[in-house]
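Read off the chains here:
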Amino acid sequence: ASARILSSGMRLPPLPSIRDLVKLYKLQAMKQLSQNFLMDERLTDKIVKSAGRIDNNDIVLEVGPGPGGITRSILRRQPQRLLLVEKDARFTETLQLLRECARPLDIEVEIYHEDILRFNIEQHVPDTTQRLHLIGNLPFAISTRLLINWFDDLSRRRGAFRRNDTCMTLTFQKEVAERICAQVGSEQRCRLSVMSQIWTEPVLKFIIPGKAFVPKPQVDVGVVKVIPLKRPKTELPFPLVERVVRHIFSMRQKYCRRGYSTLLPLEGREETTQALFQRADVKDTMRPFELSVAECLRLADAYAEHLVAHPEVAKYDYRAPKQALN
Ligand code: SAM
């Protein structure tokens, strides 16, 4: 058991180690919930430090606290409120223990046995006068989906993103973390890099070797701080941008016009594609990974303008057998 002195000089009461708690409560990791636990306090502290300053007026939402390693590091930073969203009810007792420890420190800890993909942040954090931090050692199985959902929320200034200073400090498989941050021309550049860099500035803070987790995953893990841009690079609706970027990257090794052209019906496809590339001032023989965010967005703008004159094209799906457009 260890007691830790907090910045305020107060102590978090002595607690059994995470390793002992996992043993005591027989918390075997479940593969289907992507459970890999971090037991090393220096690493959990380092993740939370990456989130930047957390003060006693701030709210923190932790995704998937599990047995509570990162949770302890967050408590040591003394936010005003800490929301824990955990799908696996087996962790409730260990989290309740932390809630009791936090009571004398005036930190409100709320435990939600819920799926983060369905969790209504706006309902649980109705007041926007406080800054919100999103922190989590994310389950691999949902990490990309969650991030894309949050970009959607960010583009609409809803959910966690009604304020423009809500930062995310999250873990991903190392390769995914590198893709999120990949710059133009890099081998890892993909749809996720462009989507991430339209609404945020992602920063790869550090890598945690797989062996630091219990059980050890097959891969290393990257900690990424995802900082919303004060001014997003587009005002276009999220689904339209997502559609255009997905099509551009659907044929990675080909010229970018190939994937982009599948947004358009077969009839007149070549000519319209050429016209839209001209309108966007983008060279259509570049490979998708060579396109900057600005170029992808100019292509999205050209497509959006095309839809004004041809709204039926929005419903076009090139994989559907044969479609009447009107
Ligand atoms: N935070 C702990 C740590 O660092 O040791 C556990 C991290 S583990 C990689 C991921 C955690 O997310 C697990 O506790 C798992 O039960 C939880 N989880 C998985 N899917 C979830 C979901 N959809 N919503 C909320 N929590 C989820």
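Residues numbered from 1 in each chain as written. Predicted model: local features only at pLDDT ≥ 70, side-chain atom pairs only at ≥ 80, totals over all residues. Heavy atoms only, no water.

A.B. asks: Could you clarify how one ought to interpret the packing of aromatic side chains in this entry?
C.D. replies: Describing an aromatic ring pair means giving the distance of the ring centres and the angle of the ring planes. Evaluation of the coordinates by the stated rule reveals 4 aromatic pairs. Considering the side-chain rings of Phe 37 and Phe 91, the 5.6 Å spacing of their centres and the 85° angle between planes classify their relative orientation as edge-to-face. Of the two residues, Phe 37 sits in strand 3 (residues 37–38) while Phe 91 sits in the loop between strand 5 (81–85) and helix 4 (92–102), which places them 54 residues apart along the sequence. No difference in accessibility class separates Phe 37 from Phe 91, as the two residues are buried. We note Arg 90 situated over the ring of Phe 91; from NZ or CZ to the ring centre the distance is 5.5 Å. (Phe/Tyr/Trp six-rings, centres within 6.5 Å; stacked < 30°, edge-to-face > 60°. Helix = DSSP H or I, 4+ residues; strand = E, 2+ residues; numbered from the N terminus. Buried < 20%, exposed > 50% of the residue type's maximum accessible area, 1.4 Å probe, protein only. Lys NZ or Arg CZ within 6 Å of the ring centre and 35° of its normal.)

A.B. asks: What's the story with the confidence of the model for the protein in this structure? I'm lost.
C.D. replies: Low-pLDDT stretches of the model should not have their predicted coordinates read in fine detail. Residues at a pLDDT of 70 or more form 95% of the protein, whose mean pLDDT is 93. For this predicted complex, the interface confidence reaches an ipTM of 0.99, while the overall pTM sits at 0.93. (pLDDT = per-residue confidence, 0-100.)

A.B. asks: How should the pairing of strand 4 (residues 59–63) be read in this particular structure?
C.D. replies: The side chains of a regular strand alternate between the sheet's two faces. Counting buried positions over the 5 residues of strand 4 gives 5, a clear majority of the element. The side-chain alternation of strand 4 yields two buried faces, one formed by Ile 59, Leu 61 and Val 63 and the other by Val 60 and Glu 62. Relative to strand 5, strand 4 runs parallel, the two sharing 5 bridges. Within strand 5, the position partnered with Val 63 by the bridge is Val 85. As for the winding sense of the linkage, the β-α-β connection from strand 4 through helix 3 (residues 69–76) to strand 5 is right-handed. Of the strand pairs in this sheet, strand 4 and strand 7 (residues 132–136) are connected by 5 bridges, and their pairing is parallel. From the neighbouring strand, Ile 59 faces strand 7, where its bridge partner is Leu 132. (Pairing = 2+ DSSP bridges. Right-handed = clockwise from strand over helix to strand, strands pointing away.)

A.B. asks: What am I meant to see in the nonpolar core here?
C.D. replies: One finds Leu 61, Trp 150 and Tyr 260 to be the most contacted residues of the largest nonpolar core, which totals 65 residues. Looking at this core element by element, the count peaks at 9 residues for helix 12 (residues 293–309). When residues no more than four places from it in sequence are discounted, the contact partners of Trp 150 are Val 63, Ile 116, Ile 121, Leu 134, Phe 161, Met 168 and Leu 170. Of all hydrophobic cores here, the second largest spans 33 residues; its members include Val 22, Leu 43, Cys 101 and Val 221. (Core = buried A, V, L, I, M, F, W, Y, C linked by side-chain atoms within 4.5 Å. Contact = heavy atoms within 4.5 Å.)

A.B. asks: Hey, could you run me through the packing of helix 11 (residues 269–280) against helix 12 in this one?
C.D. replies: Helix packing for two helices is described by the angle between their axes and how far apart those axes are. Here helix 11 crosses helix 12 at 125°, and the two axes come no closer than 8 Å. By the angle class used here, helix 11 and helix 12 are oblique. Considering only the axes of helix 11 and helix 12, their crossing is right-handed. Residues Thr 272, Leu 276, Phe 277, Arg 279 and Ala 280 of helix 11 form the contact with helix 12, whose own contacting residues are Arg 298, Leu 299, Ala 302, Tyr 303, Glu 305 and His 306. Residue composition of the contact of helix 11 with helix 12, grouped by class: 6 nonpolar, 2 polar and 3 charged. (Axes fitted to C-alpha atoms, helices over the stretch in contact; angles between N-to-C directions. Parallel < 35°, antiparallel > 145°, perpendicular 65-115°, else oblique. Left-handed = near helix turned anticlockwise from the far one by under 90°. Nonpolar A, V, L, I, M, F, W, Y, C, P; charged D, E, K, R; others polar.)

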